[in-house]
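# Notes for the structure review
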Amino acid sequence: MATMKAIRVHAYGGAEKMIMEEVERPVAAEDELLVRVHAAGINPVDWKVREGHLQDFLKLELPYTPGYDLSGVVEKTGGAVEEFQPGDQVFTFRNTATPGTFAEYAVVKAAEAAIKPDSLNHSQSAAVPVAALTAWQSLFDVAGLRSGQRVLIHAAAGGVGHFAVQFGCWIGAHVIATASAANLDFLEQIGAHQVIDYTAVRFEEEAGEVDVVLDLLSGETRERSLPLLRKNGILVTTLPPEPPAEVQAKYQVRAAAMLVRPDRLQLGEIARLIDSGKVRPTVQSYPFAEFQQALRQSQNGHTRGKVVLVIRN
Ligand SMILES: NC(=O)c1ccc[n+]([C@@H]2O[C@H](COP(=O)([O-])OP(=O)(O)OC[C@H]3O[C@@H](n4cnc5c(N)ncnc54)[C@H](OP(=O)(O)O)[C@@H]3O)[C@@H](O)[C@H]2O)c1
C-alpha cells in the first residue's frame, strides 16, 4: 500500500486538533488526476470546517484531511482523462465536501484543473484558486463590474480582497479599498485608487457613491455599505445569507451571496493575467511541518494576501 504524510483532524476544534499522520495515498478515479502536492493555499473555510461551524452544510466523516487549494505535479491520470499527462504542473481547488490538499498527494477532477501560471512557483500558484476565483466570480459573474464603475472592496488586503483590487484595476474600475493602517501602502502598491483606514475613519464618510460593493466581512460593515450604493447598484457578499429583500428594496439596491465554484477557463484566464504581469499574488509561506502556526496565522483575520503551506520544495 502506498502511503503519504497528511494533516488529519480526528475531532472538531482548534488548530491543536490537527496532527500529521502517515495515511493511504488516494487513487484517481476515471475522471481525476492524482497530484503530487507542492503547496496548498490556506483559506478561512479551513478553520471554519475544522471547528465544526459548517456541519449543517458539509457532511464530513472524521478523521479527514483539510485543505482545498493546491498546486503541484500530475503523478497519474484517471483512465478517461485526455487533457493532462503525468508531469503537468497544475493548480485548482477541490470542490468536494471532503477537502484533502494538506497532504503529499491529493486527487482533483481533471475538468476543474488548469496548467499553473509559468511565472509563479508552486507556493505562489497555490495561493490563487479559491481566492482569485472568488474575486473574479464576485466582481464579473455576479456584479458585472465594468470599466468606469466605482467599486468598494472591504478586507481588500486579504486573500480574496487583494485579487479583487487587482482585477478591478485591470477592468478599468475606480477601486476604493479598506484595510487597517499597516496595509494601506500595500493596497496602493497593488493599484487601489483610494484607500481607507477603517480603524481611523468611518469608511462611509470617505468612499462616496459606488456601483458595486464587495463584502468580505458581513455584519455592520455590510449594513453601513448599503446606503453608499447608487440606485440599482449591487452588493456581493461571500458570507451568506445576503441582506433580505425588504432591506434591498429600502435602499433600491440589489444584493447577492456567492459561492465560489471551480472554473478551468477562468483559472486559465487568471493565469494569463498573472503571466502578463497584471496580477500578482502576495504570499506568506510556511513549511509543511509548521501547519499549526500557518493555520493560526490564517485564522487571525489579518493576513496580508494569502498563507500557503509548502509541502515539497
Ligand atoms: N462564499 C465563498 O465561496 C467564499 C470564498 C472565499 C472566501 N469566503 C469568505 O470570505 C471572507 C474573506 O476571505 P479571505 O480569504 O479574503 O479572508 P482573509 O484573507 O482572512 O482576510 C483577511 C483580511 O481582512 C482584513 N480585515 C479584517 N477586518 C477588517 C475590517 N473591519 N475592515 C476591512 N478589512 C478588514 C484584514 O486587513 P487588516 O489586517 O488591515 O485589518 C486582512 O487583510 C472569509 O470569511 C471567507 O470565509 C467565502
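One numbering rule holds for all chains: residues counted from 1, following each sequence as written. Local features in this predicted model are restricted to residues whose pLDDT is 70 or higher, and side-chain atom pairs enter the listing and the counts only when it is 80 or higher, whereas totals over whole chains, interfaces and linings include all residues.

In this section: the overall build of the chain. By the criteria applied, helices consist of DSSP H or I runs no shorter than four residues and strands consist of E runs no shorter than two, each listed in order from the N terminus. Scanning the chain for helices and strands turns up 10 helices and 15 strands. Rg of the C-alpha trace for the chain: 19 Å, near the compact-globule value of 20 Å for 313 residues, within the 12% margin. Overall, the chain is about 60 × 40 × 35 Å in size when its C-alpha atoms are taken along their principal axes. The burial tally for the chain puts 47% of its 313 residues in the buried class. Think of it this way: build a C-beta for each residue from its backbone, and any pair within 7 Å is a contact. Within the chain, counting contacts between residues at least 6 apart in sequence, those at least 24 apart form 64% of the total. Radius of gyration: C-alpha atoms only; globule rule: 2.2 Å multiplied by the number of residues to the exponent 0.38. Here exposure depends only on C-beta density: within 10 Å of a residue's C-beta, 20 or more other C-beta atoms make it buried, 12 or fewer make it exposed, and intermediate numbers make it partly exposed, the C-beta atoms being placed from the backbone.

In this section: the sheet that holds strand 12 (residues 229–237). A strand pair is defined by DSSP finding two or more bridges across the two strands. Here we have 6 strands laid out as an open sheet, ordered 10-9-8-11-12-13, and parallel in their pairing. Of all the strands in the sheet, just strand 10 (194–197) and strand 13 (254–257) have a single pairing partner and so form its edges. Neighbour to neighbour, the strand axes of the sheet diverge by 15 degrees on average, direction disregarded. With 4 bridges joining them, strand 8 (residues 150–153) and strand 9 (residues 174–179) adopt parallel strand pairing. The partner of Ile153 across the bridge, within strand 9, is Ala177. Strands in contact with helix 4 (residues 159–171) are strand 8, strand 9 and strand 11 (210–215); relative to strand 8, the strand with the most contacts, it is inclined by about 170 degrees. Interaxial angles span 0 to 180 degrees and are taken between N-to-C directions of axes, which are lines fitted to C-alpha atoms, for helices over the stretch in contact.

Checked against the element boundaries, Lys5 lands in strand 1 (residues 3–9). The exposure class of Lys5 is partly exposed, given the 16 C-beta atoms found within 10 Å. It is 29 Å that separates the C-alpha atoms of Lys5 and His302, two residues lying 297 residues apart in sequence. Excluding residues within four positions of it along the chain, Lys5 makes contact with Met20, Glu22, Ala103 and Glu104.

Core membership is restricted to buried Ala, Val, Leu, Ile, Met, Phe, Trp, Tyr and Cys residues, and these are joined into a nonpolar core through C-beta atoms within 7 Å. In this structure, Leu33 and Leu309 are the most contacted members of the largest nonpolar core, which totals 91 residues. Looking at which domains feed residues into this core, each of domain 1 (3–128 + 281–310) and domain 2 (131–257) gives three or more. Excluding its chain neighbours within four sequence positions, the residues that come into contact with Leu309 are Ala39, Ala40, Ile42, Phe102, Tyr286, Phe288, Phe291 and Ala294. These domain boundaries are the output of an automatic or database domain assignment.

Here we take up the site of the ligand. In this entry, near means the residue's backbone-placed C-beta atom lies within 6 Å of the molecule or strand. Around the ligand there are 31 residues in total, and Gly158, Gly159, Ser180, Thr238 and His302 lie nearest to it. Contributions of two or more residues to the shell around the ligand are made by helix 1 (44–50), helix 3 (129–142), helix 4 and strand 9. Taken together, the residues of the shell around the ligand sort by class into 16 nonpolar, 14 polar and 1 charged. Formed jointly, the shell around the ligand draws a minimum of three residues from each of two domains, domain 1 (3–128 + 281–310) and domain 2 (131–257). Polar here means any residue other than Ala, Val, Leu, Ile, Met, Phe, Trp, Tyr, Cys and Pro, which are nonpolar, and Asp, Glu, Lys and Arg, which are charged; Gly is therefore polar.

The element strand 9 is largely enclosed, with a buried count of 5 among its 6 residues. Note that the unit made of strand 8, helix 4 and strand 9 has a crossover that is right-handed. The parallel pair strand 9 and strand 10 is bridged by helix 5 (residues 184–189), and the resulting crossover is right-handed. Whether a crossover is right-handed depends on one test, that the path from the first strand over the helix to the second runs clockwise when the strands point away from the viewer.

Moving on, we come to the domain arrangement of the chain. Looking at the assigned domains, one finds that the chain contains domain 1 (3–128 + 281–310) and domain 2 (131–257). Centre-to-centre, using C-alpha coordinates, domain 1 lies 28 Å away from domain 2. Counting residues at the interface gives 8 residues for domain 1 and 8 residues for domain 2. Taken together, the residues that form the side of domain 1 that touches domain 2 break down as 2 nonpolar, 4 polar and 2 charged.

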